[in-house]
There are 2 protein chains.
Amino acid sequence: MLFLRTCRALAHTGLLQTHRLPPPKRLVPLSACAGALCTRWGSGGGHDSGPRDHGHPSGWRHLLAGILAGGGAVLAYSLLESQAQQAATDVQAPGKSPPLPIYTQEEVAKHHSSAKGVWVTYKGGVYDITEFVSLHPGGDKILLAAGGALEPFWALYAVHNQEHVLEMLSQYKVGELREEDRTLDSSSLDPYAKDPPRHPVLRVNSQKPFNAEPPTEILTDNFITPSAFFFKRNHLPVPQVDPSTYQLKIQGLPGGTVSLSLEDLKSRFPKYIVTATLQCAGNRRSEMNQVKQVKGLNWGIAAISNATWAGPRLRDVLLYAGYKSGGKAQHVHFEGLDKDVTGTSYGASIPLGKALSEEGDVILAYEMNGEDLPADHGFPVRVVVPGIVGARNVKWLDKIVLSEVESSSHWQQNDYKGFSPGTDWDTVDFKSAPAIQELPVQSAITWPAEGAVLDHSLGEVTVKGYAWSGGGREIVRVDVSLDGGKTWQVAKLQGREGEALDLSPPPGRAWAWKLWELSAPLPSGTQELEIICKAVDSSYNVQPDSMAPIWNLRGVLSNAWHRVKVKISEH
Amino acid sequence: MLFLRTCRALAHTGLLQTHRLPPPKRLVPLSACAGALCTRWGSGGGHDSGPRDHGHPSGWRHLLAGILAGGGAVLAYSLLESQAQQAATDVQAPGKSPPLPIYTQEEVAKHHSSAKGVWVTYKGGVYDITEFVSLHPGGDKILLAAGGALEPFWALYAVHNQEHVLEMLSQYKVGELREEDRTLDSSSLDPYAKDPPRHPVLRVNSQKPFNAEPPTEILTDNFITPSAFFFKRNHLPVPQVDPSTYQLKIQGLPGGTVSLSLEDLKSRFPKYIVTATLQCAGNRRSEMNQVKQVKGLNWGIAAISNATWAGPRLRDVLLYAGYKSGGKAQHVHFEGLDKDVTGTSYGASIPLGKALSEEGDVILAYEMNGEDLPADHGFPVRVVVPGIVGARNVKWLDKIVLSEVESSSHWQQNDYKGFSPGTDWDTVDFKSAPAIQELPVQSAITWPAEGAVLDHSLGEVTVKGYAWSGGGREIVRVDVSLDGGKTWQVAKLQGREGEALDLSPPPGRAWAWKLWELSAPLPSGTQELEIICKAVDSSYNVQPDSMAPIWNLRGVLSNAWHRVKVKISEH
């Protein structure tokens, strides 16, 4: 089963480590694997990007954008078909091949359609993949690579350069590319080559695109997370933006497009400073994975961080750009400058009401923790939507569009949604669930670490962690259990350093997390503690007890009680 | 232990059925029992009114308002003291008492202070309770009854007319009231005598004040709950209000008090119609009681209902009354016309932002389901604060006050708050928790009923219920399990009859519940089903798995998964 082998091998790269294969289906032969792959192309690394309507016939539209990236698996499938045909027709033994013809790039370029044949080049070889294209329901998207080099399409993910993928491709080889046309410099083709340097302490979940979280033990050392430690969640390569020529476009308003330079944003609007916690929808996915595998990056508990952001309010910018109430717009779309090879930008939207509200505190941030935005966090401008899932806080902001409808982007429509534990990739209907905006109440233990050994002679244990809730709902209490949930003690909440906690934010505007701490006597007569935390927010929503009942195929919204088991030394 | 006997006897009345006695304390001798009693006076029936800072020394201020109602227990305590003194001094045998002197009401009335002695009358007897007053830390509040009849203070709760209470009172008898001064008509003294008639189908949790819920099996028959079946939650007697002289007072604005008649409210402002579900903070308390007893009325799952309300927006009324932004007010207080005998009105407050928001939809309702408000629901005017706990939806609205601080009422400060399961009446600090405003996500099964027997031959089961969340967060999914939580199916959500569900309310303004239904094949090979439901709201908050970890001493916020066990017939 080469088909399966391919997907398993991909899974081993770590980029797709949670991918589980359904049985191949004849009717929609490529959906199972290509879908998973296209995801990794389209949204980068798979954190919050599952198969697009995987196994769902109507999902093919959404599959198209990523088909090329799925080339490996698609070719693998195609090869299976070829093998089957060969077996059926009892083919002649291949024997030694005669020397293949040499083609110019110009000749290759003529084969750029199903009618004229679809040729591609790869490392000097010329391949006719016409048959493969015709097999594929989303085939015409593949024509984007037709007549040219595969490298730009495969370079995003090193996974395509694996031996078996190349082996499959070799079946389609029809010639060699003329020496002087082999001008591709593979290093210049790596769209991640210009990604910024990162702090070595980060725990990397995916290099390309870069996704990493700080070590748990330092996460809550500071109320404000230093930018270098702030979790990174990129869907695509980090775009290179020249701040002197940067223009933010605002569209969908009666007066047409308005453009603002970085200097405009800094000089024409009041600067607002907002301290806001951002959390990835996939934070704590690794715990959900322990129930049953889900798709996405295997985040620990640190895909959440807190920073101070500064810039103009989106509200002010929209009013400046000519927004008038009474129109039909209901949503504000954000498009990033980060694009995939098809030219599709990362995109998302939020409800217009949040954008316009004086209490919404949505800003177009050009500063993070008092400095220019770092490249990984959206330089020169990102939107910060406090209280809302990280995915809507679009970085490298290119365009703002007012619209009657939500963003049509993959990440708004077919990802970042929650489903029932009973919903699988065969039954999921992405239209049936709303795009995640506000996140549910969350907390986790950052100290002690799982498996730590506590010194019995100290007589007490100190437990530390964070708690946060979406929608500006303030954390009002954190309960901690040392005995697996039988009894509970109330942790001490901590705000910003040196700030009295009774300086509560206005109702509904608690954008920043609360750090917390509990010191309690070590229970006697036990060698092991199961420490649990659970938080309560100002709407008195609580975290659910366990993960299995909130399990969902994308592994998002993982907010059950956090549990840490530690041992107590005997001496 | 007469002291304990008193409290137990009170508990048996059902008004205090969940009361658990801490050991009597010498330092604050009256707190344990008087606190519980004063509650039942002050807030009526104890639904969401626990001992006021029970066992907490600073709580005495809050205890005062209800001391009189606690007369029975207080007297009991006093009697204990007397008995101890008698034992210590080896008193003479009482023997037959000589005839007691006869006093006029005028003479009794002179004894209205500690200095002049504190006398009260009860059913023709005259009692000198001076000693008792001096024993009591909140004693001067008791002077409200001094020189007059006890009946008006005891009539609110039939519990005071019990034999042992009277027996205790008899110890203090000093004379008889002159025949012609015995003019009190006990029926006219019953402040509940003019309460309206109610539908006999209601399940009554407390008669005086009236608290009742509809039977579960009819609760979700209608998207709009008929007013007669809408749960009733009164803290005090229903006030008699003449609509022709009714005046709503608005205070705390720069221009001084503004008064509006009912006609003003109807004619000067646009009429808004809002469909909103109200839920009591104590809904489903009976399930929490099964974990460990809490204080309050033992509500089932039907202290929640949905109605259409109509009236002017509070926002418009405040602006009309002269509200200008930029002031210091942060809260809006509501005071009802329902008062206890000390003249204290039922009261509560909400954040000003909610009141002023165009999206908050707070109205001063004079109609419920298209008709004048029924007496039990606040005739002629109540405030409806969609998305917010029932307790803030003040009925029989008398006064609106803008203020820098929250309402100081018992129900805002020392009740309707949530605590950790580890917090008990000895450790509770009411200041440590915020007043409940928005409620957490909730759902329950209304069909089949617990213990029902399903007909195996039908082959399938239909499960029905409701789901709702606070803060205008829409219900986006209800999961149902037939096997105790092992597997889950998604229920079908239903909106208003004949209304397409894709006509979703604007974000954050889903004030009405969703009814839901699931039809599924009966699992084979089992004689019993444990049916569970759990809902998810638009912030993707979920209900917790179990009650014990959210148990709290007042039994509020009881929103764990709802479980119903049914049997399957063998034929």
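Residues numbered from 1 in each chain as written. Chains lettered and ligands numbered in written order. Predicted model: local features only at pLDDT ≥ 70, side-chain atom pairs only at ≥ 80, totals over all residues.

Going by an unreviewed UniProt entry, chain A carries the name Sulfite oxidase and comes from Paramormyrops kingsleyae. Listed under Function (unreviewed entry) in UniProt, the entry text for chain A is "Catalyzes the oxidation of sulfite to sulfate, the terminal reaction in the oxidative degradation of sulfur-containing amino acids." (UniProt positions renumbered as here; feature names shortened; annotations may be inferred.)

Colleague: Describe the overall build of chain A, and please don't skip the residues or the numbers.
Modeller: Check the secondary structure of chain A and you find 16 helices and 29 strands. The buried share of chain A, taken over its 571 residues, is 54%. Contacts in chain A between residues at least 24 apart in sequence constitute 73% of all its contacts with a sequence separation of at least 6. (Helix = DSSP H or I, 4+ residues; strand = E, 2+ residues; numbered from the N terminus. Buried ≥ 20, exposed ≤ 12 C-beta atoms within 10 Å, placed from the backbone. Contact = placed C-beta atoms within 7 Å.)

Colleague: Could you give me a rundown of the sheet that holds strand β7 (residues 203-206) of chain A, with the residues and numbers involved?
Modeller: Residue and element names in this part refer to chain A. The three strands lie next to each other as β7-β8-β9, forming an open sheet whose pairing is antiparallel. Across the chains shown, the open sheet's two edge strands, defined by having one partner strand only, are β7 and β9 (232-233). With three bridges connecting them, β7 and strand β8 (residues 211-213) associate as antiparallel partners. Across the sheet, the residue bridging to R203 is E213, located in β8. (Pairing = 2+ DSSP bridges.)

Colleague: Please provide a residue-by-residue account of the interface of chain B and chain A, values included.
Modeller: At the interface, 39 residues of chain B touch 39 residues of chain A. Secondary-structure elements contributing two or more residues to the side of chain B that touches chain A are β24 (475-481), β25 (489-490) and β28 (528-537) of chain B. Counting residues per element, the side of chain B that touches chain A draws most heavily on β24(B), which supplies three residues. Within the side of chain B that touches chain A, the residues separate by chemical class into 20 nonpolar, 13 polar and six charged. (Nonpolar A, V, L, I, M, F, W, Y, C, P; charged D, E, K, R; others polar.)

Colleague: Could you give me a rundown of the sheet that holds strand β8 (residues 211-213) of chain B, with the residues and numbers involved?
Modeller: Strand order in this open sheet of three strands is β7-β8-β9 (chain B), and the pairing throughout is antiparallel. If you trace the sheet from one side to the other, it starts and ends with β7 (203-206) and β9 (232-233) of chain B, each paired once.

Colleague: Talk me through the relation of the copies chain B and chain A; I want residue IDs and the actual numbers.
Modeller: In the superposition of chain B on chain A (RMSD 0.2 Å, axial shift 0.0 Å), the rotation amounts to 180°. With respect to symmetry, the two chain copies, as superposed, fit the operation of a two-fold axis. The position closest to the rotation axis in chain B is occupied by the C-alpha of P544(B), lying 2.0 Å away. Residue by residue, 100% of the interface of chain B is reproduced at the interface of chain A, so both copies engage with the same surface. (Least-squares fit on C-alpha atoms with pLDDT ≥ 70 in both.)

Colleague: Now, about the pairing of strand β29 (residues 562-568) of chain B: what can you tell me, with residues and values included?
Modeller: Residues and elements named next belong to chain B. The pairing of strand β22 (residues 453-454) with β29 spans two bridges and is classified as parallel. Residue pairing for β29: V453 is matched across the bridge by K567. Sheet topology places β28 next to β29; six bridges connect them, and they run antiparallel. Across the sheet, I531 pairs through a bridge with V564, a residue of β29.

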